[in-house]
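Listed below are the residues making up each chain.
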Amino acid sequence: MQKPPLEDFALRETNPHLGGGKISGDKLTSTYDLVEQMQYLYVRVVKAKDLPTKDVTGACDPYVEVKLGNYKGTTRHFEKKTNPEWNQVFAFSKDRIQASFLEVTVKDKDVVKDDFIGRILFDLNEIPKRVPPDSPLAPQWYRLEDRKGDKIKGELMLAVWWGTQADEAFPEAWHSDAAAVSGTDGLANIRSKVYLSPKLWYLRVNVIEAQDLIITDKGRFPELYVRAILGNQVLRTRVSQSRSINPMWNEDLMFVAAEPFEEPLILSVEDRVGPNKEEVLGRCAIPMQYVDRRLDHKPVNSRWFNLEKHVIVEGEKKKETKFASRIHMRICLEGGYHVLDESTHYSSDLRPTAKQLWKPSIGVLELGILNAQGLMPMKVRDGRQTTDAYCVAKYGQKWVRTRTIIDSFSPKWNEQYTWEVFDPCTVITVGVFDNCHLTGGDKANGAARDSRIGKVRIRLSTLETDRVYTHSYPLLVLHPNGVKKMGEVQLAVRFTCSSLLNMMHMYSQPLLPKMHYIHPLTVGQLDSLRHQATQTVSMRLSRAEPPLRKEIVEYMLDVGSHMWSMRRSKANFFRIMAVLSGIIAVGRGFDHICNWKNPITTVLIHILFFILVMYPELILPTIFLYLFLIGVWYYRWRPRHPPHMDTRLSHADSAHPDELDEEFDTFPTSKPADAVRMRYDRLRSIAGRIQTVVGDLATQGERLQSLLSWRDPRATALFVIFCLVAAIVLYVTPFQIVALLTGFYVLRHPRFRRKLPSVPLNFFRRLPARTDSML
């Protein structure tokens, strides 16, 4: 695969004609001031009255056809009704209009051929313009005309006006550029929508003990544990150490619950009577609506719950027998945690679940999704390649989905959305997808999945406040055969701060709510809960109408980013090396000073060192002043653009095809045995190197410990005597003289140096480590 030039993957600053160019001072006055204005001709068909009948039955099945050039939209038809009400809106894009008259025709639905009832013609030059926030145009009654222009019986109530995408009628209107889409489901799948993530809670189930359990086999010690089920989440406690009918556990089980609560929490006490064989001793179901909610670390009251035993007899129906067994638990919904449903690195929301604990917002984020250019063909329809693109943006609990632009490699959306911002250290994610559900949704195309075209992440803390960023972002997707540019998406972003003081104060606050620090969850719990949270969010959003599908939600939430990847491991290693490069550069510079590579610099360092030793109170001010000057100096080269996907940083442009093939492998693997064996051997060799490095680090630490451990009696004796002599010398000698002598000795001229290692280094390398005891 031939690699495109790196410049092709770069971010480009653009200069679109935002808001129709209406500028007043620094702010754009249009409602949609972060997008380009798109002119539409709107036709609202409200109702008709006194329609004449045309067919032999004397009934009228009316519908309205709105025609503008080659574009034609129709309302639904009513059977046997002369006074129908439609209240439907049609929108025709001005860019595609090739006619001078608008024709609105009323027709009578018939089996063979629809009958003409009457029509109304509008000259496009005579249609008024409306600009929000003007009130909607009031519809008027128009008398129907025949084909000759003569007035006939029947009237139609219409409103016709020129407007923009800022019009309230725009989201629900029938669009001329989607005329090829048929069916109610297909039309619903192309419209813009706003979705809200379900409100997620952590459910803590503290299983304390059970009493008076009835064991079937009383001749053995029971192995008792509790299994808890919430929806598709199943957790179980460990086996109780007290092998009796009154077991104790005192163990926490954590679940993710979503409002509205639909399923109860089901607990069962079970006895492991053999391998892969359990006996249920009792069950209880707890409706989530009655579970206590807590906002802080104070424990809620524990309660006893009765257990019901379910006995199933062959040939009989299930019957319930109540008995005196009880289970003691403390159950609560945790409102003080933030339910992590995103990757920690790309979180868009860090607030706790309980709304009472939310702090006031610090600003507003506005996003204008303008257009895309150069999109790749994603599918073949009617023998030709095509793309039906739409965007999804996610920030906090609010998801937005733009309308789908049919059959276009350069779609123009020009839609603007707004979010409240509660923390500047958050990320907004914008994804571009290809719509594969235009022919009736899941019923006709149930196995189809919307294809990903690419996504963009923008961290709010990297944006200057009140500045409009207009850039064209490359849409990069990693494929098994390498990184591929799928096109570009043009966005306009503005982060407006309502209180600079509050925003600065946020930088001193903990990133997560305080419960994450007072009662932290384990890493294993967080991974499991994050998986459950993403599954819950994707399931709930896929049940919306129209659905935001599972593959879209998982791609936006970076599900699967934790899986092993050789490419990502290399990228992270080189990121660490880049971080350490500053320290390495300082070390090299110090080595050059010590070796007098530049005598003038070395002499100046001697003088500076002498001043700092003689006046130690200047050390900290000097360090902070130096950092201040570095920061001011780098201000000239501060980043002017938001960060974007970097193929070089990600090692996507240099990854070996086999490494990418491994990254896209399923879990568990679906590759043949030879490929798995080769990858396993490669992983073993890498792990062997890491093992050696970790062992070397452990060896150095053990040598440090052995200084005083008397493992090597002669070495420890030498070190102890040295410490005694050093203590006496340092006691009788002023510290400044010791520091000066030490510094000048380290900075001595090369002619006074030996090329052999120093005495302390030789001594340290001879110290014993515990490697001798390793098998």
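Residues numbered from 1 in each chain as written. Predicted model: local features only at pLDDT ≥ 70, side-chain atom pairs only at ≥ 80, totals over all residues. Heavy atoms only, no water.

K.L.:
Tell me about the pattern of salt bridges, and please be specific about residues and values.
P.N.:
If you walk through the whole model with that rule in mind, you get 44 salt bridges. In this structure, the salt-bridge partner of Asp252 is Arg204, at a minimum N-O distance of 2.9 Å. Placement of the pair is Asp252 in strand E17 (residues 248-258) and Arg204 in strand E14 (residues 200-211), with a sequence separation of 48 residues. According to the relative accessible area criterion, Asp252 is partly exposed, its value standing at 34%. Here Arg204 falls in the buried class, since its relative accessible area comes to 12%. (Salt bridge = Lys/Arg side-chain N within 4 Å of Asp/Glu carboxyl O. Helix = DSSP H or I, 4+ residues; strand = E, 2+ residues; numbered from the N terminus. Buried < 20%, exposed > 50% of the residue type's maximum accessible area, 1.4 Å probe, protein only.)

K.L.:
Help me get a handle on the layout of surface pockets, residues and values and all.
P.N.:
Taken as a whole, the second largest pocket holds about 670 Å³ of empty space. Grouping the constituent residues of the lining of the second largest pocket by class yields 15 nonpolar, 6 polar and 9 charged. (1 Å grid on protein atoms, 1.4 Å probe; cavity = no way out; pocket = protein on both sides within 12 Å on 5 of 7 lines; lining within 4 Å. Points joined across faces, edges and corners; volume = space filled by probe spheres on them. Nonpolar A, V, L, I, M, F, W, Y, C, P; charged D, E, K, R; others polar.)

K.L.:
Provide a residue-level description of helix H8 (residues 599-614), including the pertinent values.
P.N.:
Compared with the 22 Å implied by 1.5 Å per residue over 16 residues, the 23 Å span of H8 between its first and last C-alpha is a close match. Listed as buried for H8 are Thr602, His606, Leu612 and Val613. Down the axis of H8, the sector holding all buried residues measures 135°, keeping them to one side. Of the exposed residues in H8, the ones pointing more than 90 degrees away from its buried face are Ile600 and Leu604. Against the buried residues of H8 lie helix H7 (566-594), helix H9 (619-634) and helix H13 (735-746). (Expected span 1.5 Å × (residues − 1). Arc of directions from axis to C-beta. Contact = heavy atoms within 4.5 Å.)

K.L.:
Give a description of the packing of H8 against H13 that names residues and reports values.
P.N.:
In the contact formed by H8 and H13, the axes pass within 9 Å of each other and the chain directions differ by 160°. The pairing of H8 with H13 is recorded here as roughly antiparallel in orientation. Note on packing geometry: the crossing formed by H8 with H13 is right-handed. In this structure, H8 uses His606, Phe609, Phe610, Val613 and Met614 to contact H13, whose residues at the interface are Gln736, Ala739, Leu740, Gly743 and Phe744. (Axes fitted to C-alpha atoms, helices over the stretch in contact; angles between N-to-C directions. Parallel < 35°, antiparallel > 145°, perpendicular 65-115°, else oblique. Left-handed = near helix turned anticlockwise from the far one by under 90°.)

K.L.:
Give me the pairing of strand E32 (residues 482-497): which residues, what numbers.
P.N.:
Most of E32 is tucked away, with 14 of its 16 residues classed as buried. Relative to E32, strand E23 (residues 363-373) is paired through 10 bridges, and the arrangement is antiparallel. Bridged to Asn371 within E32 is Gln490. Across 11 bridges, the pairing between strand E31 (residues 468-479) and E32 is antiparallel. Pairing of Ser472 across the sheet is with Gln490, part of E32. Where E31 hands over to E32, the hairpin turn is made up of 2 residues, counted between the paired strands. (Pairing = 2+ DSSP bridges.)

K.L.:
Account for the environment of Asp33, with residues named and values stated.
P.N.:
With respect to the helices and strands, Asp33 occurs in the loop between strand E3 (27-28) and strand E4 (39-49). Exposure remark for Asp33: the relative accessible area of 6% places this residue in the buried category. Between the alpha carbons of Asp33 and Ser758 there is a distance of 69 Å; along the sequence they are 725 residues apart. Side chain to side chain, Asp33 and Arg494 meet in a polar contact 2.9 Å long. (Polar contact = N/O pair within 3.5 Å; in protein donor to acceptor, adjacent residues only side chain to side chain.)

K.L.:
Tell me about empty space enclosed by the protein, and please be specific about residues and values.
P.N.:
Counting across every chain of the model gives 3 cavities of 30 Å³ or more. As a volume, the largest cavity reaches approximately 40 Å³. When the residues that make up the lining of the largest cavity are grouped by side-chain class, the tally is 3 nonpolar, 2 polar and 3 charged.

Geometry only, nothing functional implied.
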